[in-house]
Amino acid sequence: MPQNEYIERWEKLHGKRLDHEERTRKRRAREAHNSSKSAQKLHGLRAKLHAQARYKQKIQMKKQIKSHEEKSVKTSDPKPSSEPLPPYLLDRNEPKSAKALSSAIKQKRAEKAAKFSVPLPKVRGISEEEMFKVIKTGKKTAKKSWKRMITKPTFVGPDFTRRPVKYERFIRPMGLRYKKANVTHPELGVTVQLPILSVKKNPQSPMYTQLGVLTKGTIIEVNVSELGMVTTGGKVVWGRWAQITNNCENDGCVNAVLLV
Amino acid sequence: MVQTTWKAIAPVPTSQEFLDIVLSRTTRKTPTVIRSGFKISRIRAFYLRKVKFTQDTFTEKLQAILDGFPKLQDIHPFHKDLMNTLYDADHFRIALGQLSTAKHLIEQVCRDYVRLIKYAQSLFQCKQLKRAALGRMATITRRLKDPLLYLEQVRQHLGRLPGIDPNTRTLLICGYPNVGKSSFLRSITRADVDVQPYAFTTKSLFVGHFDYKYLRFQAIDTPGILDHPLEEMNTIEMQSITAIAHLKSVILYFMDLSEQCGYSVAAQVQLFHSIKPLFANKIVFVVVNKIDVVKPEDLDEESQKLIQTMLKGGEVEMLQLSCHTEQGISDVKNKACERLLAARVEQKLKTNRAVDILNRIHVARPIGGVTREVFIPDAVKNRVKYDLNDPERRKLEKDIEAEEGGAGVYNINLKKNYMLENDDWKFDKVPEILDGKNVYDFIDPDIEAKLAALEAEEERLEAEGFYDEEESIEDDEEADIRVKADFIREQKQLIRNAARSKKALKNRAIIPRQKQPKNLSEMRNSLEKIGLDASTVVERARSKSRGRSAAGRSRAASTMEGDVEMRDISMHDISQMTLKERAKSRARSQSNRREDGVTDEGARTKAERIAKLNQKKMNRMARQGEADRHTTASLPKHLFSGKRTIGKTNRR
């Protein structure tokens, strides 16, 4: 039985085929043709996968070409000409500073607005039909429909207990209760999973705020003690507000941006 | 039996391939069509199935990889250590651990999302949740990139390791690099090991097999070891150390006294002493190689003394050989094997199992100390030994054959060796078939006795007058009755048969007797049978029946009268002509369609050829031809049913 590196040994003893180089060269040259042939025949899922892979490959190729081109171009700083410019041309530098000025003003305005803005200023309206599912109660004769089940993810506090069935108008299913959110710090660019403390405001309606419904755009309070943030006074910040950025019911998780 | 080779581990895909395999399997093996109009429970089930199926596939594939690789705690310590030196046991364990963690995580993700899908309210929501679930599983898999790559490499290397059985009879060859270990292995086995004049040609363990005393031995060639502490040894050296430490074997410590290997005798002795702790409980030989260059006797005093330090204690024996001149090779091999066998047998005897077996063995001996001699018949004892040169030698079949005309001519006589009562019977001819019966079927060992008994009985009966004839009395009356009875029986049988044949009608209609056709002859017969005169009836029937056709009658008349021209035509020709006429008239009524519309022979062949050509394509493609009759449905269902929404009736 051959053992250990027998393939290398064989090659060492007998060498490669005499036409090995040429064969490999030809195969490489033919590769593009073969891939094109197969690409034309593919369909369905395989075609999708192939297109995806090819797309990435092309991006890579274009990047490389660009980098090569950049290398070959001789960049030289435009040297300040020794000759003095005529006065009518001196004006050319003006717009630059004007632009800088205008952008500074814009930024200032933006900052002012920022005080009252949140990352997601607008949200899609959610109708009650979408939010609640009617649950029928009562037998045979007296069929009543005053009970509702909330179909969106919710947050309930740690000391929550359900009301007696007779008085419970809104059911918040166990399977859709969330305790933690993936919170991103926008400036640091880190994402941490933090426990939710409370729902501050649901922009859809104050009732949803009360019920603790988590929809896109909802402001929640999260426990940021893990992040170790400190106030200007030197105290450790405990609770911080964050806004939910995703449709939790579609993703199966709560993503939020910290409001700073 | 503990596994010693791992050649059949399935290839480990890269993370990307793994993902493609699993996801494409999901799309292939789960249903793909769903509409938002379906019942929500059906939509949920559809997506639940997808998530579950993907998770199952992931789990199955990951488990297959985990099961494929050996578990370090289950294998022999030698293999365990070898794998530790080659692949780093911690790394190996961590890689497998990551795979199993990933499996658990994927199961968890699946559980979570299955729960969420149960609350989903719409197709879109279900779909998004499924998407999120598969995405998370894919992310988990993508993180396995490195472990999968590592495991694939391990698999490839593991498959090429030689199959070393740690428990079998083993010779282990070790020593400094370049002292001739590999060339020794080459000379005693058929293993194709590379031998080169530089150090560390052998970089891993090699195995060769040979037979000694009909037993299979394995010889293991190890890479060379340098004399430094264990911690400083590299992977190559550690392999040999592992082999020395763990294998129950004879150790052949190779030495090169000529110092061609580049290491002095003192260094070689020093190495022996430093790895000596590994030799505990093993048979060790010091093998001096290259004695064609330097023999131990040629060395100076100091070296001699050094070598003697190795042999101190008497446990270690020194052997000499030269792989170059092949001197002493088989000697070394035999000696080592002999010692190993002896040691193994001794060890086996010590174990409980041997004692158990020995207790159960009992050799029976004759009572009273009687000695039972071997019995040899005199004929055998006195037989003269056959000698080709002796003129008085026995005559063999071969000699007879030569006398009688040689091979092909002489036919061996099998009858002469028959053992019969009388030798005269030997060559009697025995018939195989007698009176159309196989004689052999009737051969009975005691046929003679039986025959004698029968004959005696016959004689006795004859003597008693058993066979004397009796007068048979039969009167006429009785004979008459018998005849009548026979007649009745026959008639009954006939009636019965008739009834039966009637029943054989099965499903056919029963024709009333009046309508059944009856021949004239039948009527006549039946009338005559019951004793009536049938002649008048027959006459009447004949007169009523229609005779031959008018044309036939007229033709017959014409032939009777005869024309002038046809006078000399014989009767035979006439009959021929009438036959032809008849055939023609029948043909005229239905024209031959093959010849219709074709003027001459040439045109017909042409038409045939063209027809054949036209048919060719149709035949080749198995199309429907004009010969295939098919009646379409008069009211095709798909054209006449259903509501009409968009489009007109003609559109359908």
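Chain B appears in an unreviewed UniProt entry as Nucleolar GTP-binding protein 1 from Orbilia ellipsospora. In its Function (unreviewed entry) section, the UniProt entry covering chain B states "Involved in the biogenesis of the 60S ribosomal subunit."

As annotated in an unreviewed UniProt entry, chain A is Ribosome biogenesis protein NSA2 homolog from Orbilia ellipsospora. According to the UniProt record, the Subunit (unreviewed entry) comment for chain A is "Component of the pre-66S ribosomal particle." Checking UniProt for chain A, the heading Function (unreviewed entry) contains the comment "Involved in the biogenesis of the 60S ribosomal subunit. May play a part in the quality control of pre-60S particles."

With that out of the way, let us pick up the overall build of chain A. When you go through chain A residue by residue, the secondary structure sums to eight helices and eight strands. Every one of the 260 residues in chain A was classed for burial, and the buried ones make up 25%. For chain A, restricting intrachain contacts to residue pairs at least 6 apart in sequence, the fraction spanning at least 24 positions comes to 45%. With the model as given, the accessible surface of chain A reaches about 20300 Å², and the carbon-plus-sulfur share is 55%.

What follows covers the overall build of chain B. Helix and strand counts for chain B come out as 22 helices and eight strands. For chain B, the proportion of its 652 residues judged to be buried stands at 29%. Expressed as a percentage of contacts within chain B between residues at least 6 apart in sequence, the contacts between residues at least 24 apart total 66%. Carbon and sulfur atoms form 52% of the exposed surface of chain B, whose accessible area is close to 47800 Å².

Now for the sheet that holds strand β2 (residues 144-150) of chain A. Residue and element names in this part refer to chain A. Strands sit in the order β1-β2-β3 across an open sheet of three strands; the sheet is mixed. Edge positions in the open sheet fall to β1 (132-137) and β3 (170-171), since each of these has one partner strand only. Bridge count for β1 against β2 is five bridges, and the pairing is antiparallel. Pairing of V134 across the sheet is with R148, part of β2.

This part is about the packing of aromatic side chains. Tallying each qualifying case throughout the model produces 12 aromatic pairs over all chains. When the centroid spacing of 5.1 Å and the interplanar angle of 35 degrees are considered together, the rings of F132 of chain A and F170 of chain A count as tilted. On the criterion of sequence distance, the pair formed by F132 of chain A in strand β1 and F170 of chain A in strand β3 is long-range, its members being 38 residues apart. Comparing F132 of chain A with F170 of chain A shows no difference in burial state: the two are buried. Residues F466 of chain B and Y467 of chain B carry aromatic rings whose centres are separated by 5.5 Å and whose planes lie at 85 degrees to one another, so their mutual orientation is edge-to-face. The class for F466 of chain B is exposed, based on a relative accessible area of 58%. Linked through ring pairs, F132, F170 and Y208 of chain A together constitute an aromatic cluster. Sitting over the ring of F38 of chain B, R42 of chain B keeps its end group 3.8 Å from the ring centre. Sitting over the face of the ring of Y6 of chain A, R160 of chain B holds its NZ or CZ atom 5.7 Å from the ring centroid.

All names here are of chain B. Considering the arrangement of structural elements, one finds R42 in helix α2 (residues 40-68). The exposure class assigned to R42 is partly exposed, which follows from its relative accessible area of 49%. Sequence separation of R42 and L123 is 81 residues, and the distance between their C-alpha atoms is 9.9 Å.

A few words on the interface of chain B and chain A. Taken together, the 27 residues of chain B in the interface contact 22 residues of chain A. Summed over both sides, the interface between chain B and chain A buries roughly 2100 Å², with carbon and sulfur atoms accounting for 48% of that surface. Sorting the residues of chain B by area buried against chain A places Y119, Q121 and R160 of chain B first, and these three jointly supply 30% of that buried surface. Scanning the region where chain B abuts chain A turns up three salt bridges. A salt bridge links D192 of chain B to R9 of chain A; its shortest N-O distance comes to 2.8 Å. Here chain B and chain A share 10 residue pairs in polar contact (both at pLDDT 80 or more) between them. Listed by contribution, the elements that provide at least two residues to the side of chain B that touches chain A are α1 (15-29), α4 (89-117), α5 (123-142) and β2 (206-212) of chain B. The element that contributes the greatest number of residues to the side of chain B that touches chain A is α5 of chain B, accounting for five residues. Class assignment of the residues belonging to the side of chain B that touches chain A gives a composition of 13 nonpolar, six polar and eight charged.

With that out of the way, let us pick up the sheet that holds strand β1 (residues 170-175) of chain B. Residues and elements named next belong to chain B. One open sheet holds the six strands; their spatial order is β2-β3-β1-β4-β5-β6, and the pairing between them is mixed. Two strands in the sheet have a free side with no partner beyond their single neighbour: β2 and β6 (317-320). Averaged over all pairs of adjacent strands, the angle between strand axes in this sheet comes to 25 degrees, irrespective of strand direction. Sheet analysis places β1 next to strand β3 (residues 215-221), joined by four bridges and oriented parallel. Note on β3: the bridge partner recorded for L172 is I220. Together, β1, β4 (250-256) and β5 (283-289) form the strand contacts of helix α9 (residues 265-274), whose direction differs from that of β4 by roughly 160 degrees.

All names here are of chain B. Sheet topology note: the β5/β6 ladder contains four bridges and is parallel. The residue bridging V287 from the neighbouring strand is L319, located in β6. On the question of chirality, the crossover connecting β5 to the parallel β6 by way of helix α10 (residues 301-311) is right-handed.

A few words on unusual backbone geometry. Residues and elements named next belong to chain B. If you check the backbone angles, K213 has positive phi at about 55 degrees while not being a glycine. The topology assignment puts K213 in the loop between β2 and β3. In this structure, N281 is a non-glycine residue whose phi angle is positive, near 60 degrees. Within the element layout of this structure, N281 appears in the loop between α9 and β5. Here N281 falls in the exposed class, since its relative accessible area comes to 83%.

Summed over all chains, the structure comprises 28 salt bridges over all chains. Among the salt bridges present, the one from E22 of chain A reaches K26 of chain A, with a minimum N-O distance of 3.7 Å. With E22 of chain A and K26 of chain A both in helix α2 (residues 20-41) and four residues apart, the pair spans about one turn of that helix. Each of R9 and K12 of chain A together with R186, D192 and D194 of chain B takes part in one network of salt bridges that share partners.

Now for the side chain of N223 of chain A. Residues and elements named next belong to chain A. Looking at where N223 falls in the secondary structure, it is placed in strand β6 (residues 219-223). For N223, a relative accessible area of 14% gives the class buried. Among the polar contacts made by the side chain of N223, one reaches the side chain of W238 at a distance of 3.3 Å. Those residues in contact with N223 that lie beyond four places of it in its chain are L194, P195, L197 and W238.

Glancing now at the packing of α2 of chain B against α4 of chain B. Residues and elements named next belong to chain B. Packing of α2 against α4 leaves a shortest axis separation of 10 Å and a crossing angle of 170 degrees. Regarding the angle of α2 to α4, the classification is roughly antiparallel. Taken together, the residues of α4 that come into contact with α2 (itself represented by R44, Y47, L48, V51, K52, Q55, F58, T59, L62, Q63, I65 and L66) are L96, L99, S100, A102, K103, I106, E107, C110, V114 and I117. Grouping the amino acids of the contact of α2 with α4 by side-chain chemistry returns 14 nonpolar, four polar and four charged.

As a further point, take the nonpolar core. Among the nonpolar cores identified, the biggest contains 135 residues, and L214 and I220 of chain A together with L151, F184 and L252 of chain B are the most heavily contacted of them. Per element, the largest residue contribution to this core is 13 residues, and it comes from α4 of chain B. If we ignore the near neighbours within four places in the chain, the residues touching L252 of chain B are L171, L172, I173, C174, F184, F285, V287 and A336 of chain B. Counting eight residues, the second largest nonpolar core, distinct from the first, contains I126, M131, I150 and Y208 of chain A.

This part takes up the packing of helix α3 (residues 77-87) of chain B against helix α6 (residues 145-160) of chain B. Residue and element names in this part refer to chain B. Relative orientation of the contacting elements α3 and α6 amounts to 125 degrees, with a least axis distance of 12 Å. Taken together, the axes of α3 and α6 are oblique relative to one another. Regarding α3 and α6, the two cross each other, and that crossing is right-handed. Packed against α3, whose contacting residues are M83, L86 and Y87, the element α6 presents Y150, V154, H157 and L158 at the interface. Tallied by class, residues from the contact of α3 with α6 come to six nonpolar, one polar and no charged.

The rules behind each value
Residues numbered from 1 in each chain as written. Chains lettered and ligands numbered in written order. Predicted model: local features only at pLDDT ≥ 70, side-chain atom pairs only at ≥ 80, totals over all residues. Heavy atoms only, no water. UniProt positions renumbered as here; feature names shortened; annotations may be inferred. Helix = DSSP H or I, 4+ residues; strand = E, 2+ residues; numbered from the N terminus. Buried < 20%, exposed > 50% of the residue type's maximum accessible area, 1.4 Å probe, protein only. Contact = heavy atoms within 4.5 Å. Areas by Shrake-Rupley, 256 points an atom, 1.4 Å probe, with all protein chains shown as cover. Pairing = 2+ DSSP bridges. Phe/Tyr/Trp six-rings, centres within 6.5 Å; stacked < 30°, edge-to-face > 60°. Lys NZ or Arg CZ within 6 Å of the ring centre and 35° of its normal. Buried area = accessible area lost by both parts, 1.4 Å probe. Salt bridge = Lys/Arg side-chain N within 4 Å of Asp/Glu carboxyl O. Polar contact = N/O pair within 3.5 Å; in protein donor to acceptor, adjacent residues only side chain to side chain. Nonpolar A, V, L, I, M, F, W, Y, C, P; charged D, E, K, R; others polar. Axes fitted to C-alpha atoms, helices over the stretch in contact; angles between N-to-C directions. Right-handed = clockwise from strand over helix to strand, strands pointing away. Parallel < 35°, antiparallel > 145°, perpendicular 65-115°, else oblique. Core = buried A, V, L, I, M, F, W, Y, C linked by side-chain atoms within 4.5 Å. Left-handed = near helix turned anticlockwise from the far one by under 90°.

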